[in-house]
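Chain by chain, the residues:
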Amino acid sequence: MKKLLTSTALIAALAAPAFAQESLDPNATPGGGIVVTYKDDVATLDPAIGYDWQNWSMIKSLFDGLMDYVPGTTELRPGLAESYMVSEDGLTFTFSLRSGVTFHNGREMTAADVKYSLDRVTNPETQSPGAGFFAAIAGFDAISDGSASTLEGVTVIDPSTVQIQLSRPDATFLHVMALNFASVVPEEAVAAANGDFGKLPVGTGAFKLDEWTIGQRLVFAKNSDYWRDGLPYLDSVTFEVGQEPIVALLRLQNGEVDVPGDGIPPAKFLEVMGDPEQAARVVEGGQLQTGYITLNVTIPPMDNVEVRKAINMAINKDRITQIINGRAVPATQPLPPSMPGYTEGYAGYAFDPEAAKQMLADAGLADGFETELYVMNTDPNPRIAQAIQQDLAAIGVRASILSLAQANVIEAGGAGTAPMIWSGGMAWIADFPDPSNFFGPILGCSGAEEGGWNWSKFCVEDIDAAATAADSMLDPSAPERLKMWSDVYMKVMDEAPWVPVFNEQRYTMKSARMGGDDSLYVDPVSIPVNYDYVYVTK
Amino acid sequence: MASYTVSRLVQAVLILLGVSFITFFLLYVLPADPVRQIAGRSATPQTVANIREQLGLDQPFIVQYWRYMAGLFQGDMGRSYLQKTDVATLIAARLPASLLLMAAGIGAELVIGLTMGIVAALWRGRAIDNGLMMASFVTVSAPQFVVALLLLYLFAVTLGWFPIGGYGTLAHLVLPALTLGILGSGWYARMMRSSMIEVLRADFVRTARAKGLKRSRVILRHALPNAVLPIIAMIGIDIGIFMGGIVIVEGVFGWPGIGQLAWQAIQRVDIPIIMGVTLVSACAIVLGNLLADLITPLIDPRIRIR
């Protein structure tokens, strides 16, 4: 019989109250609607497929998963699962579901729906970009290659209990259960949509989709039967798409828009922040994001670690940060400062062009060398690439800039033909607030194969093994585990396959009538705004 | 007339087949993998392989092309790779807006451009002629984004006469149509001017004046219909340009046209949408030009269709 795991964090989770009592904001005034604008059309609201930064928070408001986060933070809390138990070996999770949760179509949610949803997202026919996150669940390989149509490791014990068996320990499992990909969906609604569930979403979330005029607007209406009592505060959220950021800002200033979803356009940033009345309505927050230059370790002379270190020392990160109006913090390591596992006090490779030139000379490259820098062609990335080019020229590295469409840069990076890539516009942002999310696809050996996102083709077996060991620990936030991850990234920095340049700050501008804690407007998980918890005053 | 139309339609089908093949081929050899866009950055190799197989993108070019065309002839334009929605639905949702803006834009171009051209021709060599031609030069060179934003800022934000972008009422149509009208008028102005000047030199105009007809009647009833012929051909080409997507104007005014759809699809290598929009645009161009060619003999009976 599986025994209860007695780690402190998990005991705290079990002690969560049995019914969905919220610590509601006493200042919140229910009612009203807001208008949010976006430039790009919303591709899909199917939680198994949606992976854009703009539909991510929309899907969060329409759906729920077994786990969730405390709003405005990176702290896990129970979602549709009221409580859970973990076996001592960490391989079996038993979730007890809340009772009385209904889908937008009125039917009550049961454990069978959880099983259906997980089967659906891992089924190849769904083409989910997030299928790989569930690889630790037993039976994943079978469903992935088509020999099974259901996940062996997910069992329905009774209508309110579901058990998930893992094939290997996975410290990130609870985070994965909080991802959009793990949202619970009703089978009959998926079938009724006949392949178009993305345009006809039905979930258990705080809002439901009321109207979608393709190319123009989406309207979310309050789910009055939402299982978190008292939420959401807003009656509706209207998303208007196809709006240029600069026009959205004009409309905000005119009182027509509440939140420009794409943020303040760079051209207007200084003007807005210079006006005290407008600046007061801008919320600044950190993001789990890093912008970096990848150095391809398979292309000489960057196969020499000394050369890579020299390049690290040549880059003037403060100057690059100024190019984007100071809207970032210079970075010293792959992880962003707000990520657990960040190594405080690590100085990285300080800006020192003289020492860099010396290092190149010591490596036999006193005359420098030629190389190419790939960059995505939307502003401000080409300007950043020019700054990098100048910094490199100062130590004798002559880099020619290739400014291409995003898809082409990604292709070159995956194929391993790009010596250097500035990651801007394609930069890594965390899927969930855990250090392992910054490793596998972009610094691990699995990401280094053909077509992968590890554009530096960096693969060190020892470091990979250390990462796997860290993820085999059971408690994601245990100090020992975070220390292991910190060590992993320090070892990565010793090999210098990247130049970490900056961590972008997020600036969300809101209209005067919007209320709610500032952290909700720079929610690290529900980007840009946590629609469930904000409200309008007056 | 009828047999001419039929043969032109057959030609149109052949043109569209050619366009479909070339476009499909170009998208196939593009160094950008649509599967990577769908699979996203966190996908495992297994997921990528699965998606490739699901979408039939592991098949050779001819097989993929054949499947697409077979679907097309059954009325199925395929499903968007990223949205999983029928391409036909996506295009149909935006086509009315595009057609409306195209009609209004061409209308505005004609009104502004033809007026400029006629006035310039009538007062040829004078200051007003030089001024108008200079103005046409400026409008032709002006960047779309700047003109659109300026008009929006002036008339919508500052004066508040029109809504700040959007779609739905006549008021929403004015500024985008005006922008397109201003930007495209230069071409029509110059063409109209030179066409008009040539016609005014013709014998029959001198004859009409010699007969004692009023100057305005000569211009409107005799000169103009002859001068307008090359303009008809230009309209046919213009339809093509409009249907190719006036992305920038659509973006500034938040106009839900197919230009924005195509632009996003191109960025994300969403091949079914790109194919769909290209074919719809090609259709519009071919039909537009066919229409122009059919109208021409109605205006000038000397041109007979052989």
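What you are looking at is a predicted structure, and each value in this text was computed from that prediction instead of being measured. Every chain is numbered independently, its residues counted from 1 as its sequence is written. Labels follow written order: the first chain is A, the first ligand is 1, and so on. A pLDDT threshold of at least 70 governs which residues receive local features in this predicted model, and a stricter bar of 80 or more applies before side-chain atom pairs are shown or counted, although totals over entire chains, interfaces and linings include all residues.

Student: Got a minute to help me understand the overall build of chain B in this structure?
Tutor: The number of helices and strands found in chain B is 14 helices and 0 strands. Numbering of helices and strands runs from the N terminus; a helix is a DSSP stretch of H or I covering at least four residues, while a strand is a stretch of E covering at least two. Starting at the N terminus, the α and β elements of chain B follow one another as α-α-α-α-α-α-α-α-α-α-α-α-α-α. For chain B, the spread of C-alpha atoms along the three principal axes comes to 85 × 55 × 30 Å. In chain B, which comprises 306 residues, the proportion classed as buried is 41%. In this description, a residue-residue contact is defined by the distance between C-beta atoms placed from the backbone, which must lie within 7 Å. Here the analysis covers contacts within chain B between residues at least 6 apart in sequence; of these, 72% occur between residues at least 24 apart. Residues with at least 20 other C-beta atoms within 10 Å of their own are called buried, those with 12 or fewer are called exposed, and the rest are partly exposed. The C-beta atoms themselves are positioned from the backbone.

Student: When you look at the overall build of chain A in this model, what are you seeing that I'm missing?
Tutor: Along its length, chain A carries 17 helices and 21 strands. Its C-alpha atoms give chain A a radius of gyration of 24 Å, near enough to 24 Å, the size a compact globule of 538 residues would have. The dimensions of chain A, computed from C-alpha atoms along their principal axes, are 70 × 60 × 40 Å. The 538 residues of chain A split such that 54% are buried. Our radius of gyration is a C-alpha quantity, and the globule rule it is checked against amounts to 2.2 Å times the number of residues to the power 0.38.

Student: Please clarify how the interface of chain B and chain A should be interpreted in this entry.
Tutor: It is common to report an interface's size as the accessible area lost on association of the parts. Counting residues at the interface gives 39 residues for chain B, matched by 43 residues for chain A. Among the secondary structure elements, those contributing two or more residues to the side of chain B that touches chain A are helix H2 (34-39), helix H3 (45-54), helix H5 (87-122), helix H7 (144-158), helix H12 (247-253) and helix H13 (258-267) of chain B. Basically, the charged four are Asp, Glu, Lys and Arg, the nonpolar ten are Ala, Val, Leu, Ile, Met, Phe, Trp, Tyr, Cys and Pro, and anything else, Gly included, counts as polar. Of the residues contributing to the side of chain B that touches chain A, the split by class is 18 nonpolar, 16 polar and 5 charged.

Student: Sorry, what's going on with unusual backbone geometry here?
Tutor: Of all residues except glycine, most have a negative phi; of all peptide bonds, most are trans. Residues and elements named next belong to chain A. With an omega dihedral of -10°, the bond running from leucine 231 to proline 232 counts as a cis peptide bond. Along the chain, proline 232 falls in the loop between strand S9 (217-222) and strand S10 (236-241). The omega torsion of the bond from isoleucine 527 to proline 528 falls at -5°, within 30 degrees of zero and hence cis. In this fold, proline 528 is placed in the loop between strand S20 (514-515) and strand S21 (535-536). Here glutamine 127, not a glycine, exhibits a phi torsion of approximately 60°, which is positive. Notably, lysine 457 is not glycine yet its phi reads approximately 55°, a positive angle. Note on placement: lysine 457 falls in the loop between helix H15 (440-443) and helix H16 (461-471). On the basis of neighbour counts, which here come to 23 C-beta atoms within 10 Å, the residue lysine 457 falls in the buried class.

Student: Explain helix H3 (residues 111-122) of chain A here, please?
Tutor: Residues three or four positions apart in an α-helix share a direction because the helix packs 3.6 residues into each turn. All names here are of chain A. Multiplying 1.5 Å by the residue count of a helix minus one yields the expected span of that helix. Here H3 contains 12 residues, and its C-alpha end-to-end distance of 17 Å stays within 8% of the 16 Å for a straight helix at 1.5 Å per residue. Counted residue by residue, H3 has 9 buried out of 12 residues, so it is predominantly covered. On its buried face, H3 sits against strand S5 (92-97), helix H4 (140-144), strand S6 (154-158) and strand S7 (161-165).

Student: Hey, could you run me through the environment of asparagine 105 of chain A in this one?
Tutor: Residue and element names in this part refer to chain A. With respect to the helices and strands, asparagine 105 occurs in the loop between S5 and H3. Residues asparagine 105 and proline 186, spaced 81 residues apart in sequence, show a C-alpha to C-alpha distance of 9.0 Å. When residues no more than four places from it in sequence are discounted, the contact partners of asparagine 105 are Pro186, Ala189 and Val202.

Student: What am I meant to see in the sheet that holds S10 of chain A here?
Tutor: Note: strands within a sheet are paired through backbone hydrogen bonds, in either parallel or antiparallel orientation. Residues and elements named next belong to chain A. Strand order in the open sheet formed by 5 strands is S8-S9-S10-S1-S11, and the pairing between neighbours is mixed. Looking at the sheet topology across the chains shown, the edges are occupied by strand S8 (207-213) and strand S11 (259-260). Strand pairing is defined by DSSP finding a minimum of two bridges between the two strands. Where strand S1 (residues 33-38) and S10 come together, 6 bridges link them in parallel fashion. Note on S10: the bridge partner recorded for isoleucine 34 is valine 237. In the packing of helix H2 (residues 53-62) onto the sheet, the strands contacted are S1, S8 and S9, and the crossing angle to S8 comes to about 130°. Lines fitted to C-alpha atoms define the axes here, with helix axes fitted over just the stretch in contact, and angles between the N-to-C directions of these axes take values from 0 to 180 degrees.

Student: Can you walk me through H5 of chain B in this structure?
Tutor: Spanning 36 residues, H5 of chain B covers 50 Å between terminal C-alpha atoms, matching the ideal 52 Å at 1.5 Å per step. What is called the bend at a residue is the angle between a pair of axes, fitted to the seven residues leading up to and ending at it and to the seven starting from it. At arginine 94 of chain B, H5 of chain B shows its strongest bend, of approximately 35°, with the proline proline 96 of chain B following within four residues.

Student: How should I be thinking about the sheet that holds S6 of chain A in this particular structure?
Tutor: Residues and elements named next belong to chain A. The 4 strands lie next to each other as S4-S5-S7-S6, forming an open sheet whose pairing is antiparallel. Edge positions in the open sheet fall to strand S4 (81-86) and S6, since each of these has one partner strand only. Each strand axis lies, on average, 20° off the axis of its neighbour in the sheet, ignoring direction. Relative to S5, S4 runs antiparallel, the two being bridged by 5 bridges. Among the inter-strand pairings, methionine 85 is bridged to a residue of S5, identified as threonine 94. The sheet strands contacting H3 are S5, S6 and S7, and the helix crosses S6 at an angle near 175°.

Student: Looking at this structure, how should I read the pairing of strand S15 (residues 369-376) of chain A?
Tutor: Regular strands have side chains that alternate between both faces of the sheet. Residue and element names in this part refer to chain A. Note: S15 against strand S16 (residues 397-404), 8 bridges, orientation parallel. The residue bridging valine 375 from the neighbouring strand is serine 403, located in S16. Summarising the sheet, S15 and strand S17 (residues 420-422) pair through 2 bridges and their orientation is parallel. Counted as the bridge partner of tyrosine 374 is isoleucine 421 from S17.

Student: When you look at the packing of helix H6 (residues 127-141) of chain B against helix H8 (residues 170-200) of chain B in this model, what are you seeing that I'm missing?
Tutor: In a packed pair of helices, the relevant descriptors are the angle between the two axes and the axis-to-axis distance. Residues and elements named next belong to chain B. Two numbers describe how H6 lies on H8: the axes approach to 7 Å, and their chain directions differ by 135°. Taken together, the axis directions place H6 and H8 in an arrangement best described as oblique. Crossing angle aside, the handedness with which H6 passes H8 is left-handed. Residues Leu132, Met133, Ser136, Phe137, Thr139 and Val140 of H6 pack against Ile182, Leu183, Ser185, Gly186, Trp187, Ala189 and Arg190 of H8. Grouping the constituent residues of the contact of H6 with H8 by class yields 8 nonpolar, 4 polar and 1 charged. Note on terminology: angles under 35 degrees are roughly parallel, angles over 145 are roughly antiparallel, angles of 65 to 115 are roughly perpendicular, and the others are oblique. In a left-handed crossing the near helix is turned counterclockwise from the far helix by less than a right angle, and in a right-handed crossing that turn is clockwise.

Student: Sorry, what's going on with the confidence of the model for chain A here?
Tutor: Here chain A averages 91 in pLDDT, while 96% of its residues score no lower than 70. Confidence of the predictor at the level of single residues is captured by pLDDT, which takes values from 0 to 100. In the model, residues 1-20 of chain A has pLDDT below 50 throughout and makes 29 contacts with residues more than four positions away in sequence or in other chains.

Student: Teacher, can you tell me more about the environment of threonine 44 of chain B here?
Tutor: Among the structural elements, threonine 44 of chain B can be located in the loop between H2 and H3. On the neighbour-count criterion, threonine 44 of chain B (20 C-beta atoms within 10 Å) is buried. Setting aside anything within four residues of it in sequence, one finds threonine 44 of chain B in contact with Gly132 and Ala135 of chain A.

Student: Please clarify how the confidence of the model for chain B should be interpreted in this entry.
Tutor: Low pLDDT marks regions whose predicted coordinates should not be analysed in detail. Residues and elements named next belong to chain B. Summary statistics for chain B give a mean pLDDT of 90 and a share of 99% for residues scoring 70 or more. Element-level pLDDT for chain B is lowest in helix H10 (residues 215-227), with a mean of 83, against a maximum mean of 94 in helix H4 (residues 61-73). Reported confidence for the predicted complex is 0.88 by ipTM and 0.90 by pTM.

Student: Looking at this structure, how should I read the environment of glycine 65 of chain A?
Tutor: All names here are of chain A. Assignment of secondary structure puts glycine 65 in the loop between H2 and strand S2 (67-69). Measuring from C-alpha to C-alpha, the distance between glycine 65 and leucine 404 comes to 38 Å, with 339 residues separating the pair along the chain. Apart from residues lying up to four places away in sequence, glycine 65 is in contact with Gly79, Leu80, Met177, Ala178, Leu179, Ala182, Ser183 and Val184.

Student: Looking at this structure, how should I read the packing of helix H10 (residues 305-314) of chain A against helix H12 (residues 353-362) of chain A?
Tutor: All names here are of chain A. Close contact between H10 and H12 brings their axes to 8 Å; oriented N to C, the two are set at 165°. Our classification of the angle between H10 and H12 gives roughly antiparallel. Here H10 and H12 pass one another in a crossing that is left-handed. For the pair H10 and H12, contact is made by Glu306, Val307, Lys309, Ala310, Met313 and Ala314 and by Pro353, Ala355, Ala356, Met359, Leu360 and Asp362, respectively. The residue makeup of the contact of H10 with H12, split by class, is 9 nonpolar, no polar and 3 charged.

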